[in-house]
Amino acid sequence: MGYVTAVPHPRSQAPGPARAGRLSLAVALLSGALGAAVALLATRQQWSQGTATVAGGAFPLTAKGSDVTGVPAALAIVGLAALVAVFAVRRAGRLVVAALLALSGAGIVVAALLGASDSAALDEQAAQASGDTSASVDALSHTAWPYIAVVGGVLILLAGLLALRFGRLWPGMSGRYERSGAPQPRRRAPAVDPDRPEDLWKALDRGEDPTGA
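The structure displayed is predicted, hence computed values, not measured ones.

Mind showing me how you'd approach the side chain of T69 here?
Mapped onto the fold, T69 is located in the loop between helix 2 (65–68) and helix 3 (71–85). Since its relative accessible area comes to 16%, T69 is described here as buried. Among the polar contacts made by the side chain of T69, one reaches the main-chain amide nitrogen of V71 at a distance of 3.2 Å. Those residues within four positions of T69 in sequence are excluded, and the remaining contacts are W47 and A111.

In structure tokens:
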């Protein structure tokens, strides 16, 4: 008595690498775009506040993230450009761009953490308000926005790490090749029947010689 071996349907088991590639691509795109948006938004918000003594009174001072440091906003734009460029290059070029994406996220994290306790921007405003170059800000306090910028940097860093690990499985922008890497075959023009006037006119419209001469 023979035994019948059950063969699973091809669609019942998705290939592991292909599934990992699709999942990592979706996560990288989402985290990279969201991280850049969060970092850019955070740099436009108030990071610190304090007071300066002017004419015997307290003068309120505030500083936005862009006043404290321009690094997070610049790196967010670089990271966003690198996220798009990942799909325009292949092999070694993709690794380089992915590394740039990860470094952009790491740079945002470092710059935002340093800016969370920085008082240089408010000290400069205090000196301008009081007319004393040695003046400094009093009652200095910081908001949570620098740490929100850190979150944006972490998301961009995650996108870069995913691109480094799974980027070889991601598709490129070019549409000239199929997934197998082979060029797509050209579509042949339909045969012209000389006994059918409509076929002759269609051939002429395509710029072909319907007589075959």
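Once the structure has been displayed, the description carries forward.
Help me understand the UniProt feature "transmembrane region" (unreviewed entry) in the protein chain, please; the structure alone is not making it clear to me.
UniProt annotation of "transmembrane region" (unreviewed entry) refers to residues 20–42, 70–89, 96–116 and 144–164 when read in the numbering used here. When the span residues 20–42 is considered, its composition is 100% helix and 0% strand, and the gap between its end C-alpha atoms is 32 Å. Helix makes up 95% of residues 144–164 and strand 0%. Its end C-alpha atoms lie 31 Å apart.

Honestly, the packing of aromatic side chains in this entry has me stumped. Any pointers?
Here a ring pair, both rings aromatic, is described through the centre-centre distance and the interplanar angle of the planes. Overall, the coordinates contain one aromatic pair when judged by the stated rule. On the numbers, 5.9 Å between centres and 20 degrees between planes, the contact of F87 with W170 is stacked. With a gap of 83 residues between them, F87 in the loop between helix 3 and helix 4 (92–115) and W170 in the loop between helix 6 (145–166) and helix 7 (197–205) connect regions that are remote in the sequence. Relative accessible area serves as the criterion here: at 4%, W170 is assigned to the buried category. Lying across the ring of F166, R165 places its NZ or CZ 4.6 Å from the centre.

Sorry if this is basic, but what is going on with the pairing of strand 1 (residues 46–54) here?
The side chains of a regular strand alternate between the sheet's two faces. Examined bridge by bridge, strand 1 and strand 2 (residues 57–64) share eight bridges and lie antiparallel to one another. Following the sheet pairing, T51 is matched in strand 2 by P60. As judged from the three bridges shared by strand 1 and strand 3 (residues 138–142), these two strands associate in the antiparallel manner. Bridging across to strand 3, T51 finds its partner in D138.

Calculation notes
Residues numbered from 1 in each chain as written. Predicted model: local features only at pLDDT ≥ 70, side-chain atom pairs only at ≥ 80, totals over all residues. Heavy atoms only, no water. Helix = DSSP H or I, 4+ residues; strand = E, 2+ residues; numbered from the N terminus. Buried < 20%, exposed > 50% of the residue type's maximum accessible area, 1.4 Å probe, protein only. Polar contact = N/O pair within 3.5 Å; in protein donor to acceptor, adjacent residues only side chain to side chain. Contact = heavy atoms within 4.5 Å. UniProt positions renumbered as here; feature names shortened; annotations may be inferred. Phe/Tyr/Trp six-rings, centres within 6.5 Å; stacked < 30°, edge-to-face > 60°. Lys NZ or Arg CZ within 6 Å of the ring centre and 35° of its normal. Pairing = 2+ DSSP bridges.

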